[in-house]
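Coordinate inspection notes
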Amino acid sequence: MPITDNTKTSQEETMITIESMHKWFDDFHVLKNINLEVKKGEKVVICGPSGSGKSTLIRCINRLEVHQQGSIIVDGTELTNDLKNIEIVRSEVGMVFQHFNLFPHLTALENCSLAPIWVRKTPKAEAEKIAMEYLERVKIPEQAHKFPGQLSGGQQQRVAIARSLCMNPRIMLFDEPTSALDPEMIKEVLDVMIELAESGMTMLVVTHEMGFATAVGDCVIFMDEGEIIEKNNPKDFFNNPQHDRTKLFLSQIL
Amino acid sequence: MTLLSFWLLYTIIPPIIDWAIINSVWTAGSRKECWDQMPTPGAGACWAFIENRIGLFTYGFYPEPLRWRVNLSFVLFVLAAIPVLTDKLPFRKYGLMYSAAFPFLVGWLLVGGWGLEPVDTDQFGGIMLTLVIGVTGITFSLPIGIALALGRQSKMPVLRMLCVLFIEFIRGVPLITLLFVASTMLNYFLPPGTVFDLLLRVLIMVTLFASAYMAEIVRGGLQAIEKGQHEAGDSLGLSYWQAQRLIVLPQALKIAIPNIVNAFIGLYKDTTLVLIIGLLDILGLGDSSLADLDWAGLANELYLFVALFFFTCCFSMSRYSLYLEKKLHTGH
């Protein structure tokens, strides 16, 4: 049954493989022996106390941070000092930041169409059409011609998500996407993320939004002091944590 | 306070108006003729002096039959400025291409050669010389300054060190010293017999001097850009140059506009320093005109005229920069 086999391999396709990876900031050992495998379409939620290295971990995946030991392979491309590889990985991995990092001198639409035009060499008209589609998908087409400074935090973060999606990435990284938002805006961003998760995107999300983790997460990773302490499916993770540090952390945030 | 101000204005302004307008004389052949037309000698401004010498002040010693080339250059300059200063223009791309070619076009037009009668650069002078030095310094110092600022932040140690050395050396030396170097010392470094035009040397020195300052101003702007902007560019897959050009520089330059224009204005006024090494710009020519016996003693009129000329240029630059800041404000 070759056909079934094919389907099976594509479902089981590994998107990210991290093996015995270490990272130091000067003398400070931020990430210790990280091993992680993410399958296509999997949604991984990473949580842990601040300073535990969770942001650094996902920033290593698109080489915003450089790891010193071990290997990171993203969709078949190993991250080394080779700029070509970094370019390939970055064009396939989208990232959403805590502080949005929209380009303030460009409108929402220009923010979205910039990378397709310059990196993918998409013709301007087409790039803008695609950008408009994604702005509709994050439900703010009417804000397309406003500048980021004229939008609310929740709207800015949704533009940032649309901006990443315009590059048609295979993996999306979210670095605490809701922690800089006012409470009433968190939901509108989470709704967009949940919809994205349901569309089958591979996602790594650093967040403390446990509602999001249980709703769409395939697995939850708990990190502390640069190590992955516990990895489990959301149900068991929250109801039956194995490790003392996880229990302590959960008791503090829930 | 208000009353005091009014009183001050009341005592200062009427005499100035009397002098500059009511009692002024616009046509006369010499200072004597001028003062003969006034109630008392010197009671009014003798603008006839400026009028008499305006040709000299504008064109310097540029040969009279060829002055159309200067006039044409000035028209071309205005045309070149339009596409740079305004952005809602049809065919702006071609306009900008023309603006880029403009310095070379006008260089050819003014100096001659290749079919035009050559004019020695010693004959440049007056407003025209001031504009040549000022415009050259302004147009070339910004791109060079940006390159130096980026080089100073580069991760390549050799490049970074060269840029730092250059900037610190040029900034550490007064412009006058550099101009003296241009006028005397450069000849020692060049092989004997090479003729290296004095004006060209001065242009290079003024441009380098302005570039070093520009580099520091641009660096200030670059440092104001948050790390997140670079990261966003990186994460979208933009290359270093794309990120600089599309994301970092537009923001950094916008922040730096007031300082950039400030430097431009300073540079423009510093062009008067060239009179020290014998180039006669508007101030130098004015000074030498004062030595003419027919017109001696009219320093007030002359310096007021020169001041007015510089003020007009600098004030329009500063107004334009305010307009630009307003236009680029995007609510953040």
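Cut-off values and rules
Residues numbered from 1 in each chain as written. Chains lettered and ligands numbered in written order. Predicted model: local features only at pLDDT ≥ 70, side-chain atom pairs only at ≥ 80, totals over all residues. Heavy atoms only, no water. Helix = DSSP H or I, 4+ residues; strand = E, 2+ residues; numbered from the N terminus. Buried < 20%, exposed > 50% of the residue type's maximum accessible area, 1.4 Å probe, protein only. Contact = heavy atoms within 4.5 Å. Areas by Shrake-Rupley, 256 points an atom, 1.4 Å probe, with all protein chains shown as cover. Lys, Arg positive; Asp, Glu negative; His and termini not counted. Charge placed at Lys NZ, Arg CZ, Asp CG, Glu CD. Pairing = 2+ DSSP bridges. Phe/Tyr/Trp six-rings, centres within 6.5 Å; stacked < 30°, edge-to-face > 60°. Lys NZ or Arg CZ within 6 Å of the ring centre and 35° of its normal. Salt bridge = Lys/Arg side-chain N within 4 Å of Asp/Glu carboxyl O. Nonpolar A, V, L, I, M, F, W, Y, C, P; charged D, E, K, R; others polar. Domains from an automatic or database assignment. Buried area = accessible area lost by both parts, 1.4 Å probe. Polar contact = N/O pair within 3.5 Å; in protein donor to acceptor, adjacent residues only side chain to side chain. Expected span 1.5 Å × (residues − 1). Axes fitted to C-alpha atoms, helices over the stretch in contact; angles between N-to-C directions.

Time to look at the overall build of chain B. Scanning chain B from terminus to terminus reveals 13 helices and zero strands. Counting only C-alpha atoms and orienting by the principal axes, one finds that chain B spans roughly 80 × 65 × 45 Å. Out of the 332 residues in chain B, the part that is buried amounts to 44%. Considering only contacts in chain B between residues 6 or more positions apart, those separated by 24 or more positions represent 67%. With an accessible surface of roughly 18000 Å², chain B has 71% of that area assigned to carbon and sulfur atoms. Of note, chain B has its 21 positive side-chain charges centred 13 Å away from the centre of its 22 negative side-chain charges.

To continue, consider the pairing of strand β4 (residues 69–74) of chain A. Residues and elements named next belong to chain A. Here strand β1 (residues 14–25) pairs with β4 via five bridges, running antiparallel. From the neighbouring strand, Thr17 faces β4, where its bridge partner is Ile73. When β4 meets strand β5 (residues 77–78), the two strands line up antiparallel, connected through two bridges. If you follow Ile73 over to β5, its bridge partner there is Glu78. As consecutive antiparallel partners, β4 and β5 are separated by two residues, and within that stretch Asp75 has a phi angle of approximately 50 degrees, a positive value.

Our next topic: the packing of aromatic side chains. Per the counting criterion, the structure on display carries 16 aromatic pairs over all chains. Between Phe77(B) and Phe102(B), the ring centres sit 6.0 Å apart and the planes meet at 40 degrees, which makes this aromatic pair tilted. One end of the pair, Phe77(B), is in helix α4 (residues 67–85); the other, Phe102(B), is in helix α5 (residues 92–111), with 25 residues separating them in the sequence. When its relative accessible area of 26% is taken as the criterion, Phe77(B) is described as partly exposed. Phe102(B) gets classed as buried once you look at its relative accessible area, which sits at 9%. Each residue in the set Trp19(B), Trp26(B) and Trp47(B) is aromatic and connected to the rest through ring pairs, giving one cluster. Its guanidinium or amino end placed over the ring of Phe103(A), Arg163(A) lies 4.5 Å from that ring's centre, counting from NZ or CZ. Sitting above the plane of the Trp35(B) ring, Arg31(B) keeps its charged end 4.9 Å from the centroid.

Opposite the 23 residues of chain A that make contact, chain B presents 20 residues. Where chain A packs against chain B, one counts two salt bridges. Sorting elements by how many residues they give to the side of chain A that touches chain B places helix α4 (residues 108–118) of chain A first, with three residues. Residues that form the side of chain A that touches chain B fall into these classes: 13 nonpolar, six polar and four charged.

Residue and element names in this part refer to chain B. According to the domain assignment, chain B contains domain 1 (1–45) and domain 2 (120–328). In this assembly, eight residues from domain 1 lie in contact with seven residues from domain 2. In total, about 610 Å² of surface goes out of reach between domain 1 and domain 2, with carbon and sulfur atoms giving 66% of it. The largest per-residue losses of area from domain 1 upon contact with domain 2 belong to Trp19, Ser30 and Arg31, which jointly make up 65% of the total buried on that side. Where domain 1 touches domain 2, the interface holds zero residue pairs in polar contact (both at pLDDT 80 or more). Looking at the side of domain 1 that touches domain 2 residue by residue, the class counts come to four nonpolar, three polar and one charged.

The next subject is helix α6 (residues 153–165) of chain A. Taking 1.5 Å of rise per residue, the 13 residues of α6(A) would be expected to cover 18 Å, and the 18 Å separating its terminal C-alpha atoms lies within 8% of that figure. Among the 13 residues of α6(A), 13 are classified as buried, and the element is accordingly described as predominantly covered.

To continue, consider the environment of Tyr94(B). Take Tyr94(B): it is sitting in helix α5. In this structure, the C-alpha to C-alpha distance between Tyr94(B) and Glu51(B), residues 43 residues apart in sequence, is 39 Å.

The next point concerns the side chain of Thr130(B). All names here are of chain B. Mapped onto the fold, Thr130 is located in helix α6 (residues 126–152). Take Thr130: its relative accessible area is 0%, and that puts it in the buried class. With residues near it in sequence (within four places) discarded, Thr130 still touches Tyr268, Thr271, Asp281, Ile282, Phe309 and Phe310.

Residue and element names in this part refer to chain A. Non-glycine residue Phe100 carries a positive phi angle of around 65 degrees. With respect to the helices and strands, the residue Phe100 is situated in the loop between β6 (93–96) and α4. Classification of Phe100 as buried rests on a relative accessible area of 11%. Positive phi, normally seen in glycine, also occurs at Glu176, with a value near 45 degrees. Assignment of secondary structure puts Glu176 in the loop between β7 (171–175) and α7 (183–198).

Here we come to the pattern of salt bridges. Under the defined criterion, the tally for this structure stands at 22 salt bridges over all chains. Notably, a salt bridge pairs Arg59(A) with Glu231(B), separated by 2.6 Å at the nearest N-O pair. Highlighted residues: Arg59(A) in helix α2 (residues 54–61) and Glu231(B) in helix α10 (residues 227–235), drawn from two different chains. Judged by relative accessible area, Arg59(A) falls into the buried class, the value being 9%. One salt bridge connects Glu128(A) with Lys124(A), and the closest N-O pair in it is separated by 3.8 Å. Taken as a pair, Glu128(A) and Lys124(A) lie in helix α5 (residues 124–137) at a separation of four residues, close to a single helical turn. Overlapping salt bridges bring together Arg152(B), Glu168(B), Arg171(B), Glu216(B) and Arg219(B) as one network.

Right, let's talk about the pairing of β7(A) for a bit. Residue and element names in this part refer to chain A. Of all five residues that make up β7, five are buried, and the element is covered over most of its length. Burial along β7 is two-sided: Ile171, Leu173 and Asp175 facing one way and Met172 and Phe174 facing the other are all buried. Sheet topology note: the β6/β7 ladder contains four bridges and is parallel. Across the sheet, the residue bridging to Gly94 is Met172, located in β7.

Our next topic: the sheet that holds strand β9 (residues 219–224) of chain A. Residue and element names in this part refer to chain A. The mixed open sheet is built from six strands, whose spatial order is β6-β7-β8-β3-β9-β10. The sheet terminates laterally at β6 and β10 (227–232), the two strands that pair on one side only. The sheet shows a mean angle of 20 degrees between the axes of neighbouring strands, direction not considered. As judged from the four bridges shared by strand β3 (residues 43–47) and β9, these two strands associate in the parallel manner. Bridge pairing in β9 links Val45 to Val220.

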